[in-house]
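Listed below are the residues making up each chain.
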Amino acid sequence: MRRRSAARSWSWREARGLVAVPLALIIAITVINLATPSHLHLGPLLVAAPALAAVILGRWLTALTGVLALVGQVAIGVILRDLSTADRIAQMASVVLVSVFSALLSALRERQVRELTQVRQVAEIAQSLVLRPLPPRIGPLRVAAVYLAAETEMQIGGDLYAAARTTSGTRLIVGDVRGKGLTAVGDAALLLGAFRAAAHLQAGLAELAAHLEAGVAWHLAESCAHEQAEEGFITAVLIDIPDRTPTIRMVHCGHPPPLLLRRKQITALCARSPGPPLGLQLGLPCRQVDTFDFKAGDMLLVYTDGVIEARNSQGVFYPLAERAAAWTGKRPHVLVERLRTDLLAYAGGHLGDDAAMIAIERSGPVSAPREAPHYGRPPAPYPN
């Protein structure tokens, strides 16, 4: 209740400040017109008040501004004793016409704002269903994620990430759907649903990758024309982090290599034999699983290509490894927030593609969980 009341009082204070602008304009024009010689006619300028109100006020306050502007015209006519002249009548008529037109424009603007607000709310709900926030701690791991959508008005896009606990550790997926907007969100939802349903069932990462490949290929073939299905794909990296072994296993599916932050050193974890993105239906054999050291205190930074493809005003790509080196030793949430701020400043406040960054720090071994909870939307049924 306190929050709602504070919001209403803040909106009312803001409205009063906005109303003062056209009201001050009316008073100023009226006073100046009466104080200047009679051959200077400033009365026609009163039509500017309702026109200005249409931009910053609602329809009823705009109509009220028009009434006040008309009152100003009448006051000038009465004091100057020319109320019945053709010139004064024409000026009053122009105020009425402009006021009516301005009120209609304000009503149209209000409706568009309401529709945009509803679209944003729906987009936020859809995004939260697809990408539920990762918990700050998953087993022996500290985790933080940040998501930046290219569609700034909707805050929705095709980058994806999810985590699932298994009986021996934690599995994660980070991916990037080709394209952006609602179509990309649908593809991302399909892949995330398949991952959450199978992450704890498949014995190895290679088998899990094959399972996801089949699901993505089926989805693209069903939802697109044949030639479009061949062009659709999803880059991804699958990560398996055991609880009690200081290693990390990865399967690269056309995705940028994650960065390993160890003390002041940053190493790109490149695959020995990187595989193609999911959904290309190339009929390749089992994907390669790479193993790397991942000790206590190490930080893994996984990202999508929207981060490293961001450009500054000179067209230079964002140097992620160089910038991340300045914040080694920080907690995951500090690292991703500083990278987020720095990335937006580097790109001038707007990204040309969706971008996501996930920081994972190993804090120490823990016992394996009895159950394997999922982080994100509940598992969706996987098509056979």
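Conventions adopted
Residues numbered from 1 in each chain as written. Predicted model: local features only at pLDDT ≥ 70, side-chain atom pairs only at ≥ 80, totals over all residues. Heavy atoms only, no water. Helix = DSSP H or I, 4+ residues; strand = E, 2+ residues; numbered from the N terminus. Buried < 20%, exposed > 50% of the residue type's maximum accessible area, 1.4 Å probe, protein only. Contact = heavy atoms within 4.5 Å. Areas by Shrake-Rupley, 256 points an atom, 1.4 Å probe, with all protein chains shown as cover. Pairing = 2+ DSSP bridges. Axes fitted to C-alpha atoms, helices over the stretch in contact; angles between N-to-C directions. Parallel < 35°, antiparallel > 145°, perpendicular 65-115°, else oblique. Nonpolar A, V, L, I, M, F, W, Y, C, P; charged D, E, K, R; others polar. Salt bridge = Lys/Arg side-chain N within 4 Å of Asp/Glu carboxyl O. Phe/Tyr/Trp six-rings, centres within 6.5 Å; stacked < 30°, edge-to-face > 60°. pLDDT = per-residue confidence, 0-100. Expected span 1.5 Å × (residues − 1). Arc of directions from axis to C-beta. Patch = residues over 30% accessible without salt bridge, like charges linked within 9 Å, V, L, I, M, F, W, Y side chains within 5 Å.

A. Looking closely at the overall build of the protein. Helix and strand counts for the protein stand at 10 helices and 12 strands. In the protein, buried positions account for 44% of the 384 residues. Excluding contacts between residues fewer than 6 apart, the proportion of contacts in the protein whose partners are at least 24 apart in sequence is 72%. Total accessible area computed for the protein in this model is approximately 19800 Å², and 60% of it derives from carbon and sulfur atoms.

B. Spotlight on the pairing of strand β9 (residues 290-293). Judged by which residues are buried, β9 turns out to be one-sided: D290 and F292 face inward and are buried, whereas T291 and D293, on the alternate face, are not. Across 4 bridges, the pairing between strand β6 (residues 247-253) and β9 is antiparallel. Bridge pairing links M250 to D290 in β9.

C. Main features of the sheet that holds strand β2 (residues 141-148). Across the sheet, 6 strands lie side by side as β1-β2-β11-β10-β7-β8; this open sheet has antiparallel pairing. Sheet topology places β1 (137-138) and β8 (265-268) at the edges, where each strand pairs with a single neighbour. One ladder, built from 2 bridges, connects β1 with β2; its direction is antiparallel. Paired with I138 across the two strands is L141, which belongs to β2. Relative to β2, helix α10 (residues 332-346) is tilted by about 20°, and along the sheet it contacts β2, β7 (259-262), β10 (299-303) and β11 (355-362).

D. Up close: the packing of helix α2 (residues 48-56) against helix α3 (residues 59-80). It is the contact of α2 with α3, at a shortest axis distance of 8 Å, that shows an interaxial angle of 170°. As the angle between them shows, α2 and α3 are arranged roughly antiparallel. Judged by residue contacts, A49, P50, A53 and A54 of α2 engage T62, T65, G66 and A69 from α3. Across the contact of α2 with α3, the residue classes break down as 5 nonpolar, 3 polar and no charged.

E. Main features of the pattern of salt bridges. Throughout the structure, instances matching the rule amount to 10 salt bridges. Residue R165 is joined to D243 by a salt bridge in which the shortest nitrogen-to-oxygen separation is 2.9 Å. Taken together, the positions of R165 in strand β3 (residues 159-165) and D243 in the loop between β5 (234-242) and β6 put the pair 78 residues apart, joining distant regions of the chain. Exposure class is identical for R165 and D243. Each is buried. One salt bridge connects R262 with D298, and the closest N-O pair in it is separated by 2.8 Å. A residue pair is termed long-range when its members are at least 10 positions apart, and R262 in strand β7 and D298 in the loop between β9 and β10 qualify at 36 residues. According to the relative accessible area criterion, D298 is buried, its value standing at 3%. One connected set of salt bridges, linked through shared partners, spans R142, R331 and E361.

F. Summary view of the packing of aromatic side chains. Tallied over the entire structure, the rule returns 1 aromatic pair. Aromatic side chains Y318 and Y346 sit 5.2 Å apart centroid to centroid with 75° between the ring planes, which places their arrangement in the edge-to-face category. Taken together, the residues Y318 in the loop between α8 (305-308) and α9 (320-325) and Y346 in helix α10 connect sequence positions 28 residues apart. By relative accessible area, Y346 is classed as buried at 14%.

G. Representation of the confidence of the model for the protein within the structure. Considering every residue of the protein, the mean pLDDT works out to 80; 81% of them sit at 70 or more. Model confidence for the protein, summarised as mean pLDDT per element, is weakest for helix α7 (residues 226-231) at 48 and strongest for β10 at 96. Here residues 366-372 scores under 50 on pLDDT; set against residues more than four positions off or in separate chains, the count is 17 contacts.

H. Broad picture of α10. With 15 residues, α10 should cover 21 Å at 1.5 Å per step; its first-to-last C-alpha distance of 21 Å lies within 8% of that length. Three or more residues of α10 are buried, namely P332, L335, V336, L339, D342, L343 and Y346. Along the long axis of α10, the arc covered by the buried residues comes to 135°, so they all point the same way. Summarising the geometry of α10, the exposed residues directed more than 90 degrees from the buried face are T341 and A345. On the buried face of α10, the contacting elements are β2, β7, β10, α8, α9 and β11.

I. Examining the environment of I248 more closely. Of note, I248 is situated in strand β6. You can call I248 buried: its relative accessible area is 0%. Each C-alpha atom, one on I248 and one on L300, is 9.8 Å from the other, the two residues being 52 residues apart in sequence. For I248, the residues in contact, after removing those within four places along its chain, are I239, D240, I241, D290, T291, F292, D293, F294 and L300.

J. Structural context of the pairing of strand β4 (residues 169-177). Burial runs high along β4: 9 of the 9 residues are buried. If you look at the hairpin formed by β3 and β4, you'll find 3 residues sitting between the two strands.

K. Highlighting a nonpolar patch on the surface. Where nonpolar side chains cluster on the molecular surface, the patch consists of L23, I27, V31, L61, L64, V67, L68 and V71 and spans about 640 Å² of accessible area. Among the secondary structure elements, those contributing two or more residues to the nonpolar patch are α1 (2-35) and α3. Sorting elements by how many residues they give to the nonpolar patch places α3 first, with 5 residues. Structurally, V67 is set in helix α3.

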